[in-house]
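Given next are the chains, with one letter for each unit.
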Amino acid sequence: MNMAEALHLKEPMARHVSWRAGGHADRFYVPRDVSDLGAFLGSLPESEPLLFVGLGSNLLVRDGGFRGTVVLMHQAKLAPEMRDGQVYAQAGVASPKVARLAALNHLSGAEFMAGIPGTVGGALAMNAGCYGSETWDIVARAVTIDRGGRLRERPRSEFDIAYRHCRPPGEEWFVAAYFALPPGDGEASRKRIKELLARRIATQPLQLPNAGSVFRNPPGDHAARLIESCGLKGLQRGGARVSEKHANFIVNPDGAASAADIEWLILEVRRIVAEETGVHLVPEVRIVGEPA
Ligand SMILES: Cc1cc2nc3c(=O)[nH]c(=O)nc-3n(C[C@H](O)[C@H](O)[C@H](O)COP(=O)(O)OP(=O)(O)OC[C@H]3O[C@@H](n4cnc5c(N)ncnc54)[C@H](O)[C@@H]3O)c2cc1C
């Protein structure tokens, strides 16, 4: 396979985001490996807009599409591995695999990643977290790539890390991470993973297309509680609906929602919650591209 074969034009992004909605990417590239990715990035004009995508579980591409190149990092065949006592994972590895390998090696602290249905790259970029833990709590260092295809291994201290946010120092994207975890009890970790997954199944509309929590939790409160208190569960626009099961989720039950339906609901929920409670919710999901 050469570069041209891996480059798709007008790729529908609804195929690559968990909401199953939205427009196309003008160009869409699936790198074979990191060196292929480097060569591809180096071949692009400096001005080409780039969007790295993992499993699209926190992403909405507007109906008019993305005027640039999407680089798809997720590969189902990728697996994390042990390196000098740390878990090493390429950015395209699905996050739950990190949780499982850590438990298998009697390392604790990665259990929360079992329920986050994205990639390691997405978890690094979003500082994904739940149940009191965040991705960057357990990352020792990460490997990045820039437009020239140059790789850099950077310690945690070089990244700008915040709640549901992390940015490398320059214009760089994640290609791998090393997770440093304390010794634990593998059996206890597996039990915790099972409990956390059961909690999700009980509280989240996992059988319907969604993108997890739409809004960040405001300090000291929960976005879901605020949305529910405003009576917004079930609010609908076109094919999109505020979930009845979890108020901070927007679902696309029949796969018929447009990105505009979803974005309209996000803005409407935000407006009503601000009006009724005075709290300005901040979206956690990333919205990119052009309106139709
Ligand atoms: C059912 C469900 C439950 C969820 N639960 C949680 C939860 O408990 N906690 C939580 O934090 N999130 C949760 N999420 C949201 C989402 O799974 C996480 O944010 C996840 O880490 C995103 O990973 P991804 O690979 O899908 O990223 P994508 O959605 O593909 O991308 C998200 C952002 O990361 C950027 N990005 C992706 N890969 C890279 C890379 N290699 N380098 C640089 N930037 C990159 C993208 O450009 C985009 O801005 C949930 C989502 C769903 C659908």
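Our subject is the structure that appears above.
Residue positions are given per chain, counting from 1 as you read along its sequence in written order. Whole-chain, interface and lining totals are the exception, using all residues; otherwise, since this is a predicted model, local features are given only for residues with pLDDT of at least 70 and side-chain atom pairs are given and counted only at 80 or more. Side-chain descriptors were evaluated using all non-hydrogen atoms of the structure, hydrogens and water having been removed beforehand.

(A) Local environment of the overall build of the protein chain. Here a helix means four or more residues in a row that DSSP labels H or I, a strand means two or more in a row labelled E, and each is numbered from the N terminus. Counting its secondary structure elements, the protein chain contains 7 helices and 18 strands. For this measure, only C-alpha atoms enter the radius of gyration; the expected value for a globule follows 2.2 Å times N^0.38, where N is the number of residues. Relative to the globule expectation of 19 Å for 292 residues, the C-alpha radius of gyration of the protein chain, 19 Å, shows essentially globular dimensions. The dimensions of the protein chain, computed from C-alpha atoms along their principal axes, are 50 × 50 × 30 Å. Counting all 292 residues of the protein chain, 51% fall into the buried class. Put simply, of all contacts in the protein chain between residues at least 6 apart along the chain, 63% involve residues at least 24 apart. The method behind every accessible area is Shrake-Rupley, applied with a 1.4 Å probe, and residues are considered shielded solely by the protein chains displayed. Of the roughly 13200 Å² that the protein chain leaves accessible, carbon and sulfur atoms contribute 52%. The buried label goes to any residue with under 20% of its type's maximum accessible area, the exposed label to any with over 50%, and the partly exposed label to all in between, with areas taken from a 1.4 Å probe on protein chains only. In this analysis, two residues are considered to be in contact whenever any of their non-hydrogen atoms come within 4.5 Å of each other.

(B) Local environment of the pattern of salt bridges. When a carboxyl oxygen of Asp or Glu lies within 4 Å of a side-chain nitrogen of Lys or Arg, that pair is called a salt bridge. Inspection of the entire model under this criterion finds 21 salt bridges. With its nearest N and O atoms 2.6 Å apart, the salt bridge here joins E153 to R141. One end of the pair, E153, is in strand β11 (residues 151-155); the other, R141, is in strand β10 (residues 139-146), and 12 residues separate them in sequence. Linked through salt bridges whose partners overlap, the residues forming this network are D146, R150, R152, R154, E158 and E172.

(C) View of the state of the cysteines. Disulfides are defined as cysteine sulfur pairs within 2.5 Å. Counted by the stated rule, this structure contains 0 disulfides. Looking at the unpaired C130, the closest cysteine sulfur is the one in C166, lying at 17 Å. Given a relative accessible area of 12%, C130 falls into the buried group. Take C166: its relative accessible area is 7%, and that puts it in the buried class.

(D) Quick look at the sheet that holds strand β6 (residues 81-83). At least two bridges found by DSSP between two strands is the condition for calling them paired. Overall, antiparallel pairing links the 5 strands, which are arranged β6-β7-β14-β10-β11 in an open sheet. On the outer flanks of this sheet lie β6 and β11, each paired with one strand and no other. Geometrically, the sheet is characterised by an average inter-axis angle of 35° between neighbouring strands, direction not taken into account. Across 5 bridges, β10 lies against β11 in antiparallel orientation. Angular values range over 0 to 180 degrees, each being the angle between N-to-C directions of two axes fitted as lines to C-alpha atoms, with helices fitted over their stretch in contact.

(E) Local environment of unusual backbone geometry. The backbone of K10 sits at a positive phi, close to 50°, despite the residue not being glycine. Note on K10: relative accessible area 56%, which makes it exposed.

(F) Spotlight on the pairing of strand β7 (residues 86-90). For β7, the tally of buried residues reaches 4 of 5 residues, placing the bulk of the element in the interior. Counted between consecutive antiparallel strands, the loop separating β6 from β7 contains 2 residues, among which D84 sits at a positive phi close to 50°. In this sheet, strand β14 (residues 172-179) lies alongside β7 in antiparallel orientation, the contact comprising 4 bridges. Paired with V87 across the strands is F179, a residue of β14.

(G) Up close: the pairing of β10. With 6 of 8 residues buried, β10 lies mostly within the body of the structure. Pairing of β10 with β14 involves 7 bridges; the strand directions are antiparallel. Among the inter-strand pairings, R141 is bridged to a residue of β14, identified as Y178. Turn length for the β10-β11 hairpin, with the two strands adjacent in sequence and antiparallel, is 4 residues, and the turn residue G149 shows positive phi of about 85°.

(H) Structural view of the environment of R200. Secondary-structure assignment places R200 in helix α5 (residues 186-203). Owing to a relative accessible area of 12%, R200 belongs among the buried residues under this scheme. With 85 residues separating them in the primary sequence, R200 and G115 have C-alpha atoms 7.6 Å apart.

(I) Fine view of the site of the ligand. Throughout, the term near means that a residue has one or more heavy atoms lying within 4 Å of the molecule or strand in question. Inspection of the region around the ligand gives 34 residues, with F52, S57, T119, G129 and R200 positioned closest. Contacts described as polar in this section are N or O atom pairs within 3.5 Å, which, within protein, must combine one atom able to donate a hydrogen with one able to accept it, while residues neighboring in sequence count only if both atoms come from side chains. F52 has a polar backbone atom sitting 2.6 Å from an oxygen atom of the ligand. One nitrogen or oxygen atom from the main chain of A123 is found 3.3 Å from an oxygen atom belonging to the ligand. Isolated, the ligand exposes 970 Å² of accessible area, and the fraction of that covered by the protein chains is 93%. Every element with two or more residues in the shell around the ligand is listed here: β3 (50-53), α4 (120-126), β8 (129-130) and β14. In terms of residues, the shell around the ligand owes the most to one element, α4, which gives 5 residues. Here the nonpolar group is Ala, Val, Leu, Ile, Met, Phe, Trp, Tyr, Cys and Pro; Asp, Glu, Lys and Arg are the charged ones; every other residue, Gly included, is treated as polar. Here the shell around the ligand is built from residues that sort into 17 nonpolar, 13 polar and 4 charged.

(J) Seen up close, the sheet that holds strand β15 (residues 236-237). With antiparallel pairing, 3 strands are arranged side by side in an open sheet as β15-β16-β17. Because the sheet does not close on itself, it has two edges, and the strands there are β15 and β17 (250-251). Two elements, strand β16 (residues 240-242) and β17, share 2 bridges in a ladder whose sense is antiparallel. By the bridge assignment, V242 is partnered in β17 with I250. Contacting β15, β16 and β17, helix α7 (residues 259-277) runs over the sheet at an angle of about 25° to β16.

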